[in-house]
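Fold and geometry: a report
Take a look at the letters that make up each chain.
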Amino acid sequence: MPGVELRRVPVETAITVLVILTVLAGTVTMAALQPEVTPNVWDYTMPPVACAAAVFRRRFPISALLLAGAAAGFYYPMARLDGWILLAVLLTLFTAADLGHLAAAATITVAGLLAVTLGEMNSPIRHLDDSQFLLLGGWVFATLAMGGMSRNRRAYLAEAGRRLAEAERTREEEARRRAAEERLRIARELHDTLGHNISMINVQAGAALHRIKDRPGQAETALATIKEASKEALRELRATLGVLRQVDEDSPTSPAPSLARVRELADRSGLTVRIEILGEPRALPAEVDHAAVRIVQEALTNVTRHSGTGTAEIVIRYGGADIALRIDDHGPGARPGSEAGFGIIGMRERATALGGTLEAGPRPGGGFRVSARLPLRGIS
C-alpha cells in the first residue's frame, strides 16, 4: 500500500511466533477434539510457561531449556489433554545446541526423557504409548543433532569467510608489494640511464663551450657526443615508458645495454677509461648482464660527477660461478658541498637482488672504488 513501509520479518522471529501460536492453540484444539475430557489448571498454565521460555531462549538458552523441560515434565503426567507443548521444548532444545551448549542440552534431554518416562509410569492418564514414546525420543535427539549441525555449519561459513578475507587481504598486500618493487625498479632504471647520459651531456657541453672559439674541431666532436648521448637517453626513456604502458612496438629498437659493449659505454662517458678483462668473455644471463652494465654505467657517472678526475679504470673478471666488476678512479674524491644521491644504493640493490654483493668506498691509495660480484649459478 502507498505510504506503508513493509519490513521483512526475520525467519527466527516468524518461527517463534508460529510455535507459540501453535502451542497455545493446541489446548483449545484438543479440548474441542476431546469434549469428554475436562481440562485442569496444568493444561492452561504449562503451555504458556513453555512459550515464555521459547521467547527468551536466545538470551538465556540453558535456563529456557530447563524451564520448558520442567513445564513439559509437569504437563504430561498432570495435564488431561494431549497438547502440543513439545514444540516449544524442541525449539528451546535446538537453540541451546545451536548456541554451543550441546553437552548441557544433551544432559538435560536425557534427564527430561527419564522424567517423562517416570511421570508416564505413575500417571493415571497415559499420554504416550510405547511407539509414541520412541517417536518422541527420536524427535528430541534429531532436534539436538540438527542444532549441533547448524552451529557447525555457521562456524564453517564464518571460517570460510575469514579465510576469504585473509586471502583477499594477502592478495592486496602482494599487489602493493609488487607495485612498490616495480616503482623502485623503474626509478632505478631512470636514475641509471638518464643520470648517466645527462651527466655526460653536461660534461661534453662544458667542453664544447670552452673549446668552441679556440678549437672548433674538438667542440664539434663534443657536440656529436652530446647528440648521441641525448639520442640514447631518449631511447632508454621510451623503452621504460613503453614498459609502463605495456606497448609492444613493431619498429626495431637499438640493442639492449650489454657488458659486451662496455667499450662503447666508456667512450660515451667523456672519460679516459682503461678496460681490463680477465678470464674468457662469454654470454651472460640477461638479468646479470643488465645489472652488470648498469653498475658500470652508474660508477662512471659518479666518476664524472664527483671524482674531480677525467680518468677511470674498469676491470671485469669472468669466473666459473660469478662475474666480478671493479671500477676505480684516482681523483681527489667528492667535491665539498656535493649532494649524496641514490646511485650507490641502486647499484647495491641490483647486486643483492641477484644474490651478489657490492662495496663502494675510498681506495687505500686515493680515489674511489666500486667492487661488485654477481653470481651466475641459479640464474635462468
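Residues numbered from 1 in each chain as written. Predicted model: local features only at pLDDT ≥ 70, side-chain atom pairs only at ≥ 80, totals over all residues. Heavy atoms only, no water.

Right, let's get into the overall build of the protein chain. A count of helices and strands for the protein chain gives ten helices and five strands. Within the protein chain, buried positions represent 36% of all 380 residues. Expressed as a percentage of contacts within the protein chain between residues at least 6 apart in sequence, the contacts between residues at least 24 apart total 73%. Carbon and sulfur atoms provide 62% of the accessible area of the protein chain, an area that totals close to 22500 Å². (Helix = DSSP H or I, 4+ residues; strand = E, 2+ residues; numbered from the N terminus. Buried < 20%, exposed > 50% of the residue type's maximum accessible area, 1.4 Å probe, protein only. Contact = heavy atoms within 4.5 Å. Areas by Shrake-Rupley, 256 points an atom, 1.4 Å probe, with all protein chains shown as cover.)

Of note, Thr 92 is situated in helix α4 (residues 86–98). Note on Thr 92: relative accessible area 0%, which makes it buried. Residues within four places of Thr 92 in sequence aside, it is in contact with Ala 53, Ala 54, Arg 57, Ala 64, Leu 65 and Ala 68.

What UniProt calls "transmembrane region" (unreviewed entry) maps, in this numbering, to residues 12–33, 60–77, 84–111 and 131–149. Structurally, residues 60–77 comprises 94% helix and 0% strand, and the distance from its first C-alpha atom to its last is 26 Å. Regarding residues 84–111, the helix share stands at 82% and the strand share at 0%, and the terminal C-alpha atoms are separated by 20 Å. (UniProt positions renumbered as here; feature names shortened; annotations may be inferred.)

Moving on, we come to the nonpolar core. Ranked by internal contacts, the top residues of the largest apolar core, which has 31 residues, are Leu 259, Val 296, Ile 323 and Leu 325. Contributing elements (two or more residues each) for this core: α8 (262–268), α9 (286–307), β2 (311–318), β3 (322–329), α10 (343–353) and β5 (368–375). Considering each element in turn, this core owes the most residues, nine residues, to α9. If we ignore the near neighbours within four places in the chain, the residues touching Val 296 are Leu 259, Val 262, Leu 265, Ile 314, Leu 325 and Ile 327. Ranked by size, the runner-up nonpolar core spans 21 residues in total, among them Ala 50, Ala 68, Ala 72 and Tyr 75. (Core = buried A, V, L, I, M, F, W, Y, C linked by side-chain atoms within 4.5 Å.)

A word on the packing of aromatic side chains. Enumeration over the complete set of coordinates arrives at one aromatic pair. Measuring from centroid to centroid gives 5.7 Å for Trp 42 and Phe 74, while their planes differ by 10 degrees, and the two rings are stacked. With Trp 42 in helix α2 (residues 41–55) and Phe 74 in helix α3 (residues 61–78), this residue pair connects regions lying 32 residues apart in the sequence. Taking relative accessible area as the criterion, Trp 42 reaches 26% and is therefore assigned partly exposed. (Phe/Tyr/Trp six-rings, centres within 6.5 Å; stacked < 30°, edge-to-face > 60°.)

Looking now at the confidence of the model for the protein chain. The predicted coordinates should not be examined in detail at positions where pLDDT is low. Looking at the protein chain as a whole, the pLDDT averages 78, with 79% of positions reaching at least 70. Between residues 1–6, whose pLDDT stays under 50, and residues either more than four places distant or in other chains, the model counts zero contacts. (pLDDT = per-residue confidence, 0-100.)

With that settled, consider the pairing of β5. Strand residues, when the strand is regular, have side chains that alternate between the two faces of the sheet. Pairing of β3 with β5, which is carried by eight bridges, proceeds in the antiparallel orientation. Across the sheet, Leu 325 pairs through a bridge with Ala 372, a residue of β5. The turn joining strand β4 (residues 357–362) and β5, which pair antiparallel and follow one another in sequence, is formed by five residues; a positive phi near 105 degrees is taken by Gly 366. (Pairing = 2+ DSSP bridges.)

To continue, consider the pattern of salt bridges. As enumerated under the stated definition, the model contains 19 salt bridges in all. Across the pair Glu 159 and Arg 163 runs a salt bridge whose closest N-O atoms are separated by 3.1 Å. Within this pair, Glu 159 and its partner Arg 163 are both found in helix α6 (residues 130–211), separated by four residues, close to a single helical turn. Residue Arg 163 is classed as exposed on the basis of its relative accessible area, which comes to 54%. Where Arg 363 meets Asp 328, a salt bridge forms, and the shortest distance between an N and an O atom there is 3.7 Å. Separated by 35 residues along the polypeptide, Arg 363 in the loop between β4 and β5 and Asp 328 in strand β3 bring together distant segments of the chain. Overall, the relative accessible area of 17% leaves Arg 363 in the buried class. (Salt bridge = Lys/Arg side-chain N within 4 Å of Asp/Glu carboxyl O.)

So, on to the sheet that holds strand β1 (residues 272–278). A sheet is described by the order of its strands in space; here five strands give the open sequence β1-β2-β3-β5-β4, paired in mixed fashion. The open sheet is flanked by β1 and β4, the only strands paired with a single partner. For this sheet the average axis-to-axis angle between neighbouring strands, irrespective of direction, equals 10 degrees. Sitting on the sheet, α9 is in contact with β1, β2, β3, β4 and β5, with an inclination near 10 degrees to β3. Along the sheet, α10 contacts β4 and β5; its crossing angle with β4, the most-contacted strand, is approximately 155 degrees. (Axes fitted to C-alpha atoms, helices over the stretch in contact; angles between N-to-C directions.)

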